[in-house]
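Chain by chain, the residues:
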Amino acid sequence: MAHEEIRGRLAALQDDDLPVHGGRTLAYVYDAGLAEVDALAREAVAAFAGSNGLDPTAFPSLLTMENDLVAFARSLVDGPPTMVGTLTSGGTESCLLAVQGARDSRPDVDSPSIVVPDTVHAAFHKAGHYFGVRVVAVPTGPDHRADAAAMTAAMDETTVLVVASAPSYADGVVDPVPAIAAAAAERGVRCHVDACIGGWVLPYAARLGRQVTPWTFAVEGVTSISTDLHKYAYAPKGASLLLHRTPALRRPQYFAHAGWPGYTMLNATLQSTRSGGPTAGAWATVQAIGDDGYLRLAERALVATDTIATGISALDGLCLVAVPESTLVAAVADAGLDVFTVCDEMAARGWFVQPQLSYGDRAPSLHLAISAATDPAAFLAALDESVAAARQAGPVAVDSGVAELLRGLDPATLGDAELDLLLAAGGLAGEDGRLGLPERMATVNALLDVAPPALREAVLVAFLDRLARPFAPGT
Ligand SMILES: *Cc1c(COP(=O)(O)O)cnc(C)c1O
């Protein structure tokens, strides 16, 4: 294919994606609204895309940039002079490694476990699944924050790690880190603070004079912190930091293997060959924005969050899950208003708002991750219209027989044929058998919402499995 044609095809492919700029995509992407910084970061990604972080002696540039990023982060997380860090591919990898390192620091524990609040990011359940570590999820209190006393009571001799969030993704509030870390320290257990989404915002919030629950290494007992560069450091995707209070705490994370005929493999992360692109992209972004720049961006995003939270509270029909402590907002709807339909109406107006399904006795909610580029007045105007339109449309009704059927299904017994039928019944398969998302997602979400979590997982895995096939359906 001619290069010009390839460029055209790439641009056409990208037309179907959510926009990564403009501040209207309120999940997945984070926009500083600084076009020149963005262009610079993309140049850096391109320039280092072929470099390999596998061997820092072969590509010392990447090591220098990684150390610079860790040094910058140290000032944000009150890191002691002994603090070290590792650049990873993203928040999930940082969280996975925190669990792996904790597990491997305790070879004396036969059946290791971690104690987490039930609001902890799903990445910790993934870590438990991958690394054979039991996850003890402790219910959060009515304020949606971790219950420190209940978490303390849940620790036992198998506990290798305790986790708190700053803030939690779903609810946007900071857990009582001091009490949790103190209880962990008293038992000689590691304590990880998942600041993947708050790590580049909360330090500036505190500097701006806002009330922030202590969560950094200034809190005694905190042994590691994850903070994502590709969220509120506004770096291109593929960059996060896992920070440890001391080199000794990081040591079990390293993997070395000399028992084969090839090079001695020496890795600090799950990846071995590691593109230099994200490293250079993050480094360029952090240098270009700098401490003062981040302070201004955090202020803009926090003020936008306040405006949006106040606007939502004033809106008839919606109500905040919690007063936001950073840049995340979750809101539930009154009876008669369907949050999934509100999401569809927002999408029709060019705004992507993330739906969160009901969980336990929690109602489904709208979730917003607000960037510096988000215009709060424009958002609220669109939300006002969307709520009115959703109210007019009325909630999506799920037939009570269908709901009963879904609640009674055992996902473990479902074969491919049954899953195909469920996908078709849910509107996820078109007439030609081709899978795809319908224009409006409210019906799909309403059906998923009545399904128990294990069935949601099974149906969505089946959906993804069928989407991710290079051949046409039916062949
Ligand atoms: C985003 C996030 C993660 C996972 O990060 P990815 O970069 O999506 O892998 C983990 N914890 C929290 C609190 C997050 O917000």
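Structural notes, computed from the coordinates. (Residues numbered from 1 in each chain as written. Predicted model: local features only at pLDDT ≥ 70, side-chain atom pairs only at ≥ 80, totals over all residues. Heavy atoms only, no water.)

## Some thoughts on the sheet that holds strand β12 (residues 354–356)
Defined as follows: DSSP-based pairing: two strands are paired if at least 2 bridges between them are found. A run of DSSP states H or I qualifies as a helix once it reaches four residues; a run of E qualifies as a strand once it reaches two. Both are numbered from the N-terminal end. Orientation is described by lines fitted to C-alpha atoms, with helices fitted over the stretch in contact, and by angles between N-to-C directions that extend from 0 to 180 degrees.
The antiparallel open sheet is built from four strands, whose spatial order is β10-β11-β13-β12. Strand pairing shows two members of the sheet lacking a second neighbour, β10 (318–320) and β12, which therefore form its edges. The average undirected angle you get between the axes of adjacent strands in this sheet is 35°. As judged from the five bridges shared by strand β11 (residues 328–333) and strand β13 (residues 365–369), these two strands associate in the antiparallel manner. Within β13, the position partnered with Val329 by the bridge is Leu368.

## Here we look at the pattern of salt bridges
Our working definition: Put simply, a salt bridge is a Lys or Arg side-chain nitrogen that is within 4 Å of an Asp or Glu carboxyl oxygen. The buried label goes to any residue with under 20% of its type's maximum accessible area, the exposed label to any with over 50%, and the partly exposed label to all in between, with areas taken from a 1.4 Å probe on protein chains only.
Per the counting criterion, the structure on display carries 18 salt bridges. In this structure, Asp465 and Arg466 form a salt bridge, with 3.6 Å as the shortest nitrogen-oxygen distance. Residue Arg469 pairs with Asp465 through a salt bridge whose shortest N-O separation is 2.7 Å. For Arg469, a relative accessible area of 34% translates into the label partly exposed. Among the ionic contacts, a cluster of salt bridges with common partners joins Asp416, Asp420, Asp465, Arg466 and Arg469.

## Focus: the site of the ligand
The following threshold applies: When at least one non-hydrogen atom of a residue lies within 4 Å of a molecule or strand, that residue is treated as near it. Contacts described as polar in this section are N or O atom pairs within 3.5 Å, which, within protein, must combine one atom able to donate a hydrogen with one able to accept it, while residues neighboring in sequence count only if both atoms come from side chains. Each accessible area is a Shrake-Rupley estimate made with a 1.4 Å probe; only the visible protein chains count as cover when residues are assessed. Note that Gly is not counted as nonpolar here; it falls among the polar residues with everything else outside the nonpolar set of Ala, Val, Leu, Ile, Met, Phe, Trp, Tyr, Cys and Pro and the charged set of Asp, Glu, Lys and Arg.
Every residue close to the ligand is listed here: Gly90, Gly91, Thr92, His121, Pro167, Tyr169, Asp194, Cys196, Ile197, Asp228, His230 and Lys231. Between the ligand and Gly91, the relevant distance is 2.9 Å, taken from an oxygen atom to a main-chain nitrogen or oxygen of the residue. Protein burial of the ligand: of its 380 Å² of free accessible surface, 84% is covered by the chains. Among the residues making up the shell around the ligand, the classes are represented as four nonpolar, five polar and three charged.

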